[in-house]
Amino acid sequence: MSKTKYKFLQIKKAILYNELETLLEKEARNGWILIQFTNYFLKFKKDKPMNIKYQIDFSSPTLEYKELLKYEGYEFVDNNEELSIYKNHNHYAQELQTDETTRLLALIKYFSLKHPLLYIIVDFLFFLFIYFFKLLISGPKTLGHIYETLGFYMIYFFFITFFVCSILNVCQNVAAKYSLNREIHHKEPCLLPFTIFNKLYDVSLVLILIFFIYFFITRLLVSPFSIGIIVLLIIVIYLIQYIYKKILYQIEPGWIQKLLKTFVIITCIFISIYFSNTEIPVIMDTTPYMSDSNVTPEKSNNLLIASNTWSLSNDNQTDTLKYESINSCLNKDIALEVFQNKIIDYEREARMFTDEEIEKITEENESWSLNDVPYFSYEQAIQHMSVYQNSLIDQCYYNDDVVIALKDNIVLICYNQPEDNYMDNIINHYFTK
Amino acid sequence: MARREFETLTPQMFYILLVLHKPMHGYDIMQEVSRITNNEIQIGAGTLYTLLPRFEKEYYIELVKEENKRKIYQLTPLGKKKLLKEKDRMLKQIQLLDEIDKDK
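Residues numbered from 1 in each chain as written. Chains lettered and ligands numbered in written order. Predicted model: local features only at pLDDT ≥ 70, side-chain atom pairs only at ≥ 80, totals over all residues. Heavy atoms only, no water.

Asks: Got a minute to help me understand the overall build of chain B in this structure?
Replies: Regarding its fold elements, chain B presents 4 helices and 3 strands. In sequence order, the secondary structure elements of chain B are arranged as α-β-α-α-β-β-α. Expressed as a percentage of the 104 residues in chain B, the buried residues total 42%. Partitioning the contacts of chain B with sequence separation of at least 6, the portion at a separation of at least 24 is 49%. Summed over its atoms, the accessible surface of chain B is roughly 6600 Å², and 51% of this surface lies on carbon and sulfur atoms. (Helix = DSSP H or I, 4+ residues; strand = E, 2+ residues; numbered from the N terminus. Buried < 20%, exposed > 50% of the residue type's maximum accessible area, 1.4 Å probe, protein only. Contact = heavy atoms within 4.5 Å. Areas by Shrake-Rupley, 256 points an atom, 1.4 Å probe, with all protein chains shown as cover.)

Asks: Mind showing me how you'd approach the overall build of chain A here?
Replies: Looking only at helices and strands, chain A features 14 helices and 13 strands. Expressed as a percentage of the 433 residues in chain A, the buried residues total 42%. Here the contacts in chain A between residues at least 6 apart in sequence split such that 62% fall between residues at least 24 apart. Of the roughly 24500 Å² that chain A leaves accessible, carbon and sulfur atoms contribute 60%.

Asks: What's the story with the interface of chain B and chain A in this structure? I'm lost.
Replies: Where interface size is quoted, it is often the accessible area lost as the parts come together. Taken together, the contact between chain B and chain A spans 24 residues of the former and 23 residues of the latter. Between chain B and chain A lies a buried interface of about 2000 Å² when both sides are counted; carbon and sulfur atoms form 57% of it. The interface formed by chain B and chain A includes 0 salt bridges. Applying the counting rule to chain B against chain A returns 14 residue pairs in polar contact (both at pLDDT 80 or more). Those elements that place two or more of their residues in the side of chain B that touches chain A are α1 (11–19), α2 (26–36), α3 (45–57) and β3 (70–75) of chain B. Top contributing element to the side of chain B that touches chain A by residue count: α3(B), with 7 residues. Taken together, the residues of the side of chain B that touches chain A break down into 9 nonpolar, 9 polar and 6 charged. (Buried area = accessible area lost by both parts, 1.4 Å probe. Salt bridge = Lys/Arg side-chain N within 4 Å of Asp/Glu carboxyl O. Polar contact = N/O pair within 3.5 Å; in protein donor to acceptor, adjacent residues only side chain to side chain. Nonpolar A, V, L, I, M, F, W, Y, C, P; charged D, E, K, R; others polar.)

Asks: Where do I start with the packing of aromatic side chains in this structure?
Replies: Any two aromatic rings considered together are summarised by their centre-to-centre distance and by the angle between their planes. Residue and element names in this part refer to chain A. Taken as a whole and judged by the stated rule, the model has 14 aromatic pairs over all chains. Taken together, a centroid distance of 6.3 Å and an interplanar angle of 40° make the contact between Phe339 and Tyr397 tilted. Here Phe339 is found in helix α11 (residues 332–351), whereas its partner Tyr397 is found in strand β11 (residues 395–398), with 58 residues between them in sequence. For Phe339, a relative accessible area of 0% gives the class buried. Three or more aromatic residues joined by ring pairs form one cluster here, namely Phe58, Tyr110, Phe111 and Phe194. (Phe/Tyr/Trp six-rings, centres within 6.5 Å; stacked < 30°, edge-to-face > 60°.)

Asks: Explain the confidence of the model for chain B to me, please; I cannot follow it from the model alone.
Replies: Detailed reading of predicted coordinates is not advised where the pLDDT is low. Of all residues in chain B, 94% attain a pLDDT of 70 or more, and the chain-wide mean is 88. Note on the complex model: pTM 0.65, ipTM 0.85. (pLDDT = per-residue confidence, 0-100.)

Asks: Explain α3(B) to me, please; I cannot follow it from the model alone.
Replies: One full turn of an α-helix is made of 3.6 residues, so residues set three or four places apart face in the same direction. All names here are of chain B. Taking 1.5 Å per residue, 13 residues should reach 18 Å; α3 reaches 19 Å between its end C-alpha atoms and fits that length. With respect to burial, α3 is a largely interior element, 10 of its 13 residues being buried. Residues of α3 that are buried: Ala45, Gly46, Thr47, Leu48, Tyr49, Thr50, Leu51, Leu52, Arg54 and Phe55. Directly after α3, the chain includes Tyr59, whose backbone phi takes a positive value near 65°. (Expected span 1.5 Å × (residues − 1).)

Asks: Explain α2(B) here, please?
Replies: All buried positions along α2(B) are accounted for by B:Gly26, B:Ile29, B:Met30, B:Glu32, B:Val33 and B:Ser34. Looking at the packing, one finds that the buried side of α2(B) touches α3 (63–71) of chain A together with α1, β1 (24–25), α3 and β3 of chain B. Positive backbone phi, approximately 50°, marks B:Asn38, located one or two places after α2(B).

Asks: So what exactly am I meant to see when it comes to the environment of B:Ser34 here?
Replies: Residue and element names in this part refer to chain B. Note on placement: Ser34 falls in helix α2. Since its relative accessible area comes to 12%, Ser34 is described here as buried. Expressed as a C-alpha distance, the spacing of Ser34 and Tyr15, which sit 19 residues apart in the sequence, is 9.5 Å. Ignoring anything within four residues of it in the chain, the contact list for Ser34 reads Asn39, Ile41 and Gln42.

Asks: I keep staring at the sheet that holds β1(B) and nothing clicks. Help me out?
Replies: Strand-to-strand pairing in sheets goes through backbone hydrogen bonds, with the strands running parallel or antiparallel. Residue and element names in this part refer to chain B. Strand order in the open sheet formed by 3 strands is β1-β3-β2, and the pairing between neighbours is antiparallel. At either end of the open sheet lies a strand with only one pairing partner, and these are β1 and β2 (61–67). The pairing of β1 with β3 spans 2 bridges and is antiparallel. In the sheet register, His25 faces β3, and the bridge partner there is Ile72. α3 contacts β2 and β3 of the sheet and is inclined by roughly 120° relative to β2. (Pairing = 2+ DSSP bridges. Axes fitted to C-alpha atoms, helices over the stretch in contact; angles between N-to-C directions.)

Asks: What exactly am I supposed to notice about the sheet that holds strand β1 (residues 4–8) of chain A here?
Replies: All names here are of chain A. If you walk across this open sheet you meet the 3 strands as β1-β3-β2, and the pairing is antiparallel. Either end of the sheet is taken by a strand with one partner, and the two such strands are β1 and β2 (32–37). Strand-to-strand twist across the sheet, computed as the mean angle between neighbouring axes with direction ignored, equals 35°. Here β1 pairs with strand β3 (residues 41–46) via 5 bridges, running antiparallel. Among the inter-strand pairings, Lys7 is bridged to a residue of β3, identified as Leu42.

Asks: Even after reading the chapter, I still don't get the pattern of salt bridges, so can you show me in this structure?
Replies: Close approach of charged atoms allows side chains of opposite charge to pair. All names here are of chain A. Summed over the entire model, instances satisfying the criterion amount to 9 salt bridges over all chains. Between Glu27 and Lys7 there is a salt bridge, with the nearest N and O atoms lying 3.3 Å from each other. In this pair, Glu27 is assigned in helix α2 (residues 20–29) and Lys7 in strand β1, connecting sequence segments 20 residues apart. For Glu27, a relative accessible area of 8% translates into the label buried. The closest approach of N and O atoms between Lys332 and Asp408, which form a salt bridge, is 3.8 Å.

Asks: How do you make sense of a negative patch on the surface when you look at a structure like this?
Replies: Residue and element names in this part refer to chain A. A cluster of acidic residues, Asp319, Asp355, Glu356, Glu357, Glu359, Glu363 and Glu364, forms a negative patch at the surface. Among the secondary structure elements, Glu359 is positioned in helix α12 (residues 355–365). Of the residues examined, Glu359 reaches a relative accessible area of 54% and is grouped as exposed. (Patch = residues over 30% accessible without salt bridge, like charges linked within 9 Å, V, L, I, M, F, W, Y side chains within 5 Å. Lys, Arg positive; Asp, Glu negative; His and termini not counted. Charge placed at Lys NZ, Arg CZ, Asp CG, Glu CD.)

Written out as structure tokens, the structure is:
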């Protein structure tokens with residue numbers, strides 16, 4: 001089996017700085033022959049040292065063009081969208097680009113704004129999708145709330161980073177075009193703005209990578225089964241990318257190519273939307289306190305908090321009749337923040353108006369909003385709740401509807417379960433080892 | 001930018017348009033330019049196939065027919081006008097050069 005190696009290289013930057021061909025020729029002289037490339041990686045195969053001439057090209061690879069290149073001794077190596085790399089074993093072969101102005105014009109077209117602008121639109125559509133499906137969350141602006149809903153904040157983080165990344169991509173392409181236009185008009189190239197935007201673009205890509213690592217780890221913690229879904233998703237995206245970037249550019253351009261491209265983009269959007277909304281059911285291995293066959297279990301993990309929840313709804317699934325949630329936090333500090341946040345949240349819930357009251361207010365004031373019931377601070381909130389003391393736990397507050405308990409890094413929330421000795425029973429159930 | 005791309009023709013652009021006064025496909029264009037310039041101007045395949053669609057877009061050349069998957073192009077009246085404009089520009093340059101020579 002022949003040896004291969006990968007080299008990290010920003011293709012766009014290398015092309016703008018006119019360094020790609022020189023680098024590939026140097027690698028070939030050391031016996032590393034290019035076999036594939038993407039926007040960030042070059043893949044080489046080990047062979048005997050050779051004196052190869054490499055040329056980059058942006059022309060549509062029509063049959064006529066391919067034949068002409070073959071006649072001149074050029075072999076196709078690989079392509080990534082409209083950028084193709086050819087090699088020739090005759091180092092004195094005719095250059096593919098013999099006119100500097102034409103080369104610069106082709107480069108200006110390569111630094112197109114079409115793709116980055118398309119990404120911005122796709123990002124915006126995803127955001128609208130999430131907004132309309134009411135995945136946006138509301139709650140008190142506490143640290144505990146952020147810890148609890150880290151997954152949602154990470155999705156915001158992804159959308160914002162992706163948006164910034166696309167904007168930076170537009171900026172770096174505009175900066176590249178500016179520099180190339182200067183060259184066309186026989187002025188000194190101005191590469192500094194491109195270099196700055198390029199560096200910032202890289203940082204934003206690293207942030208997106210962090211999101212995907214986070215997403216992968218949290219899914220792994222919830223269920224190994226979900227990893228199968230993620231792997232499947234990666235394979236589908238890779239195949240789509242492969243079709244879009246490789247195969248489509250190697251067939252005759254025309255309306256079929258345009259149609260296929262549109263189809264691939266639409267498919268990609270729909271598959272991503274489908275998977276982004278997929279919830280994987282998880283079989284629970286812990287029993288809840290409440291005993292009812294219709295209890296719905298749910299497990300989630302956001303790296304800071306692993307939650308087991310059980311809920312019992314009415315027949316129409318509109319109201320939660322009973323609810324239990326045991327949250328295992330990363331450390332005591334996070335647990336305390338989550339505990340305090342829950343108290344703030346449920347204390348407000350107790351002050352929430354009934355449907356009749358809302359109707360009355362609406363009639364009087366013509367409008368009503370959730371913001372009319374403000375969140376209290378933690379200190380104010382505990383004044384409106386009762387204290388329960390038990391040696392098994394650190395802290396516990398309750399009211400008519402809810403019990404919220406804290407023990408080390410564990411937070412327990414039990415909702416709507418009035419019965420005799422309920423407090424003792426539930427604390428014993430969860431905290432007696 | 002597109003409208004200003006061919007404000008001034010480079011020698012390669014000029015010769016491609018020049019040889020297309022009769023219908024020709026890509027490879028013939030490259031050969032013909034080498035022949036009439038005694039190999040002084042060589043057109044690279046990448047340069048030629050970057051320029052042909054752009055010239056077509058500007059209506060300087062048109063696709064006459066396709067034979068064995070080879071596209072055959074020919075100069076349009078607009079392309080001829082562009083060449084004549086280029087001729088005027090070059091004549092002006094020569095005239096200026098002559099005037100400098102006379103002064104000497």
